[in-house]
Amino acid sequence: MARGARTGLAEKRGMMTFIHTNGEKYLVVASGRAHPELAEAVAKELDTNLVPVTAYDFANSEIYVRFEESIRGSDVFVIQSCTEPVNKWVMEALIMVDAAKRASAKRITAVLPMYPYARQDKKHKGREPISAKLMADLFYAAGADRIMSVDLHAAQTQGFFNGPVDHLWAMPTLVEYVRTRVDVHNAVVVSPDAGRIKVAEQWGQRLGGVPLAFVHKTRDITRPNQAKANRVVGDVAGKHAVIVDDMIDTGGTIAGAVRVVLEAGAKDVMIAATHGVFSDPAARRLSECGVREVVVMDTVPIKPEKRFPQLTVLSIAPVIADAIEEVFNDGSVASLFDGAY
């Protein structure tokens, strides 16, 4: 939907800012402290303001939250990017959901642009937790009626929550940008591992039938953030390679993939990912690995010290705003992504 063509209408009811439909439904957008810039951008896309929220830490690190305006009977969307420190921002989001429930909100949606503990979605060995499922249980217990997130690490995570889950995709936005940066007639989409081939296939289709390749890698499940890129399966020689992934954390795996692809004869390499976590030493690794450009969405805040010359950051706010509007108006979220599932 084009910006400015919103079906909702922003108005102030006393001191309270809402979007209303037919005088019956009221939408409230609230932000945690993890990434207020993104929440502000989402509210701007919706032509409304964030509801005022007081939030602070006590001396012993406990968190206090209070909505400064009445949200009784409203459709509340709590936006919180669960970046570092993850546990703190998860807890704050849970407290905000609980506060909204006790303030008599009609429906509460936890908008988690990057789902917390997403990579712990299954057991690799005995006596391990499935922490992604635990996160879903916690939000349900706190009072969330639905969850909204962008590019889940595994689609099965949608089944962990006992309610609707809106799985948003950054792919359409990223594809349109990449199309302007590479010659699609001489390009190849590269999956960083065999598990992401399905997503790479959709990338290839959206770019007009671009061929695929993938990097064969091995991972030591006893050590976090440790994987080794071994070789490229597929033809990348003389082509513009686009490596696609959902998340870049420490950057070791994907930097290794860049080197392997270049060694296989690729003309140059571009990385397109959704979540730019960039835990140290990601910035150094990515700036030195030979990649031409790294493009990510702003689902999490990227501090100045995590930025590097090859980095481009695109806004996810229009995607989230469109999804919020569809949910609010009982529309179709899936229709926004044109078969990206």
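Look above for the structure.
Residues numbered from 1 in each chain as written. Predicted model: local features only at pLDDT ≥ 70, side-chain atom pairs only at ≥ 80, totals over all residues. Heavy atoms only, no water.

(A) Main features of helix α2 (residues 86-102). Over its 17 residues, α2 runs 24 Å from end to end, which matches the ideal 24 Å to within 8%, given 1.5 Å per residue. All buried positions along α2 are accounted for by W89, V90, E92, A93, L94, M96, V97, A99 and A100. Lining the buried residues of α2 we find β3 (25-31), β4 (53-57), β5 (63-67), β6 (75-79), β7 (107-112) and α3 (131-142). Just downstream of α2, S104 is the residue with a positive phi angle, here 70°. (Helix = DSSP H or I, 4+ residues; strand = E, 2+ residues; numbered from the N terminus. Expected span 1.5 Å × (residues − 1). Buried < 20%, exposed > 50% of the residue type's maximum accessible area, 1.4 Å probe, protein only. Contact = heavy atoms within 4.5 Å.)

(B) Structural context of unusual backbone geometry. Following E84, the chain continues into P85 via a peptide bond in cis, with omega recorded as -5°. Position of P85 among the secondary structure elements: in the loop between β6 and α2. Unlike most non-glycine residues, D47 shows phi in positive territory, near 60°. Counting through the fold element by element, D47 comes out in the loop between α1 (36-45) and β4. In this model, F278 sits at a positive phi of 55°, which is unusual for a non-glycine residue. Within the secondary structure, F278 sits in the loop between β14 (268-276) and α7 (282-288).

(C) Representation of the side chain of D166 within the structure. Inspection of the secondary structure puts D166 in strand β9 (residues 165-168). The buried category is assigned to D166, whose relative accessible area is 8%. Contact partners of D166, with chain neighbours within four places excluded, come to R146, I147, M148, S149, V327 and V333.

(D) Examining the pairing of β9 more closely. Here β9 shows two buried faces, one formed by V165 and H167 and the other by D166 and L168. Of the strand pairs in this sheet, strand β8 (residues 146-150) and β9 are connected by 4 bridges, and their pairing is parallel. Residue pairing in the sheet places M148 in a bridge with D166 of β9. (Pairing = 2+ DSSP bridges.)

(E) How the structure looks around the pattern of salt bridges. Within the structure shown, the criterion is met by 19 salt bridges. The closest approach of N and O atoms between D249 and R119, which form a salt bridge, is 3.0 Å. You can see D249 sitting in the loop between β13 (240-248) and α6 (252-263) and its partner R119 sitting in the loop between β7 and α3, a full 130 residues away along the chain. A relative accessible area of 11% means that D249 is categorised as buried. Here K122 makes a salt bridge to D121, at a shortest N to O gap of 3.7 Å. The structure contains a network of salt bridges with shared partners spanning R33, D57, K88 and E92. (Salt bridge = Lys/Arg side-chain N within 4 Å of Asp/Glu carboxyl O.)

(F) Main features of the nonpolar core. Ranked by internal contacts, the top residues of the largest apolar core, which has 47 residues, are V42, M148, L168, W203, I316, I320 and I324. Ranked by the residues each element gives to this core, the list is headed by helix α8 (residues 317-328), at 8 residues. Beyond its immediate chain neighbours, meaning those up to four positions away, I316 contacts L38, V150, A170, M297, D298 and T299. (Core = buried A, V, L, I, M, F, W, Y, C linked by side-chain atoms within 4.5 Å.)

(G) View of α3. Across its 12 residues, α3 extends 16 Å between first and last C-alpha, which sits within 8% of the 16 Å expected from 1.5 Å per residue. All buried positions along α3 are accounted for by S131, A132, M135, A136, F139 and A142. Angular distribution of buried residues about the axis of α3 spans 155°; they occupy a single face of the element. If you follow the buried residues of α3, they end up packed against α2, β7 and β8. Directly after α3, the chain includes G143, whose backbone phi takes a positive value near 125°. (Arc of directions from axis to C-beta.)

(H) A look at the packing of aromatic side chains. For the structure shown, the criterion picks out 5 aromatic pairs. Between Y56 and F58, the aromatic rings sit 5.5 Å apart at their centres with planes inclined by 75°, giving edge-to-face as the arrangement. Through a chain of ring-to-ring contacts, the aromatic side chains of Y56, F58 and Y64 assemble into a single cluster. Above the ring of F328, the side-chain terminus of K25 is found at 4.9 Å from the ring centroid. (Phe/Tyr/Trp six-rings, centres within 6.5 Å; stacked < 30°, edge-to-face > 60°. Lys NZ or Arg CZ within 6 Å of the ring centre and 35° of its normal.)

(I) Summary view of the environment of Q205. Here Q205 shows up in helix α5 (residues 197-206). Among the residues examined, Q205 registers a relative accessible area of 60% and is labelled exposed. Each C-alpha atom, one on Q205 and one on V189, is 10.0 Å from the other, the two residues being 16 residues apart in sequence.

(J) Representation of the packing of α2 against α3. At a minimum axis separation of 8 Å, α2 and α3 run at an interaxial angle of 25°. Judged on the interaxial angle alone, α3 and α2 are roughly parallel. Only M135, L138, F139, A141 and A142 of α3 make contact with α2, whose side of the interface consists of V90, A93, L94, V97, D98 and K101. (Axes fitted to C-alpha atoms, helices over the stretch in contact; angles between N-to-C directions. Parallel < 35°, antiparallel > 145°, perpendicular 65-115°, else oblique.)

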